[in-house]
Amino acid sequence: MIDIKAAITAVGAYVPEYRLTNSILETMVDTNDEWITSRTGIKERRILKDPTQGSSFLAIQAAHDLINKTQLDPTTIDLVIVATVTPDMPVASTAAYVATQIGAINAFSYDLMAACSGFLYGMSTASAYIESGRYKKILLIGADKMSSIIDYKDRATCIIFGDGAGAVLFEPNTEGNGFQDEILRSDGTGRNFLRIEAGGSLMPASQETVENNRHYVFQDGKNVFKHAVSNMADVSEQIVKRNDLTNDDIDWLVPHQANKRIIDATAKRIDLPEDQVMINIHKYGNTTSATLPLCLNDYEKQLKKGDQLVFAAFGGGFTWGSILLKWAYNTN
Ligand code: UT7
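All values reported here derive from a predicted model rather than from experimental measurement.

Whenever I open this one, the pattern of salt bridges confuses me. Can you help?
Note that side chains of opposite charge can pair when their charged atoms are close. Across all of its chains, the model carries 16 salt bridges by this definition. We note a salt bridge from Arg-269 to Asp-234, for which the minimum N-O separation is 2.9 Å. Of this pair, Arg-269 sits in helix α9 (residues 260-269) while Asp-234 sits in helix α8 (residues 221-242); the two residues are 35 residues apart in sequence, bridging distant segments of the chain. Between Glu-274 and Lys-260 there is a salt bridge whose closest N-O contact spans 3.3 Å.

Structural data, given as structure tokens:
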């Protein structure tokens, strides 16, 4: 029997034009460039200014980028998954709208919510469908308009997040390249440290919730930081060891871009030098579901067929995990 792996065969991305720099943030809250840079590594983030556009706009642009680069016929796509914490609306699947808008008229589609691990979990789901032989082309998009849920008076969160989207295509591969292994975890005891309290079934929207700013992201940064550092590093180390690999066998770390210090700690644990770590947090900040595909898009030209990539993410829930994947193509 032929072993079918699930390979990433194309990448696309989109970030809005407007740059929210550290110096602009200095005029909005009590902060400064030195603090933000040394504590997070972030210099600027992109913001979707148009109030009439939601995350679907970002997702559609990223999908168009992928389709234009590869001449993919969208009618051949079987499934569109949109990982997001900022769907266009609480009800009505954002993915369904995106699929229709890009011409994926034969696809079914759904949203996936696992906070900053959404894209990583989506990689697992897409790969399982491909490996089983059930579907042949799956478009996985990570898209978040984080600016729609951030309080720009709260210096603890507004300096971190940005808007953006990235897309990858998963297809069957019979050369051994593609998805190799995963370690995925969650721990619901962490949910109070990073959350939006209101607007769900537990605390529906009311005048009071709006007046008390309960529809914005709240983060206990110190606690989240502590868990992110240890958990992202642990699963990255575990996935390398359990596949009988050493740091010499790993070509790239693809880490969620939440904080440069968390990225450094994860790289250090698997003993990878900085030039083998994908980093673009300085340009985009934390784009939640979009960080991993935005990294792939920025580094695509440097990736070679057969390269071993370790993906790692940590996010609200808590959710976290690591995936080992062999890159399947060269870009000229
Ligand atoms: O993607 C999902 C997962 N999210 C993460 O992984 C984020 C994890 N957390 C972090 O990245 C960091 O905790 C932050 C970047 C959010 C904060 O950095 P920190 O080193 O943990 O700072 P802190 O919250 O402990 O605050 C240290 C000090 C405090 O002042 P005092 O109490 O020591 O006087 C804060 O009030 O820095 C102050 N502070 C700021 N100062 C200037 C907090 N935010 C700011 C700010 N500018 N923006």
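What am I meant to see in the sheet that holds strand β8 (residues 178-186) here?
Strand-to-strand pairing in sheets goes through backbone hydrogen bonds, with the strands running parallel or antiparallel. The mixed open sheet is built from four strands, whose spatial order is β8-β13-β12-β11. Each end of this open sheet is capped by a strand with a single partner; those strands are β8 and β11 (252-255). For this sheet, the mean inter-axis angle between neighbouring strands, taken without regard to orientation, is 15 degrees. One ladder, built from four bridges, connects β11 with strand β12 (residues 308-315); its direction is parallel.

Would you mind going over α9 with me for this structure?
Residue pairs three or four apart in sequence face the same way in an α-helix, which turns once every 3.6 residues. Turning to α9, its buried residues number three or more, namely Lys-260, Ile-262, Ile-263, Thr-266 and Ala-267. One side of α9 carries all its buried residues, which in axial view fall inside an arc of 160 degrees. For α9, the side-chain oxygen to backbone nitrogen distance between the N-cap and Arg-261 is 2.8 Å, and the N-cap itself is Asn-259. The positive-phi residue at the C-terminal boundary of α9 is Asp-271, with phi of around 60 degrees.

Just to check I follow, could you spell out the sheet that holds strand β5 (residues 108-112) for this structure?
The sheet built from five strands is open, its strands ordered β1-β7-β6-β4-β5 with mixed pairing. Edge positions in the sheet fall to β1 (5-14) and β5, since each of these pairs with one other strand and no more. Strand-to-strand twist in this sheet, taken as the mean axis angle between neighbours without regard to direction, amounts to 20 degrees. As defined by bridge partners, β1 adjoins strand β7 (residues 163-173) across nine bridges and the pair is classed as antiparallel. Note that in β7 the partner of Ala-7 across the bridge is Glu-171.

Just to check I follow, could you spell out helix α3 (residues 55-70) for this structure?
Across its 16 residues, α3 extends 23 Å between first and last C-alpha, which sits within 8% of the 22 Å expected from 1.5 Å per residue. In this structure, the buried side of α3 is in contact with β1, α4 (94-101), β6 (138-145) and β7. The first or second residue beyond α3 is Gln-71, which carries a positive phi of 60 degrees.

Thresholds applied
Residues numbered from 1 in each chain as written. Predicted model: local features only at pLDDT ≥ 70, side-chain atom pairs only at ≥ 80, totals over all residues. Heavy atoms only, no water. Salt bridge = Lys/Arg side-chain N within 4 Å of Asp/Glu carboxyl O. Helix = DSSP H or I, 4+ residues; strand = E, 2+ residues; numbered from the N terminus. Pairing = 2+ DSSP bridges. Axes fitted to C-alpha atoms, helices over the stretch in contact; angles between N-to-C directions. Buried < 20%, exposed > 50% of the residue type's maximum accessible area, 1.4 Å probe, protein only. Arc of directions from axis to C-beta. Polar contact = N/O pair within 3.5 Å; in protein donor to acceptor, adjacent residues only side chain to side chain. Expected span 1.5 Å × (residues − 1). Contact = heavy atoms within 4.5 Å.

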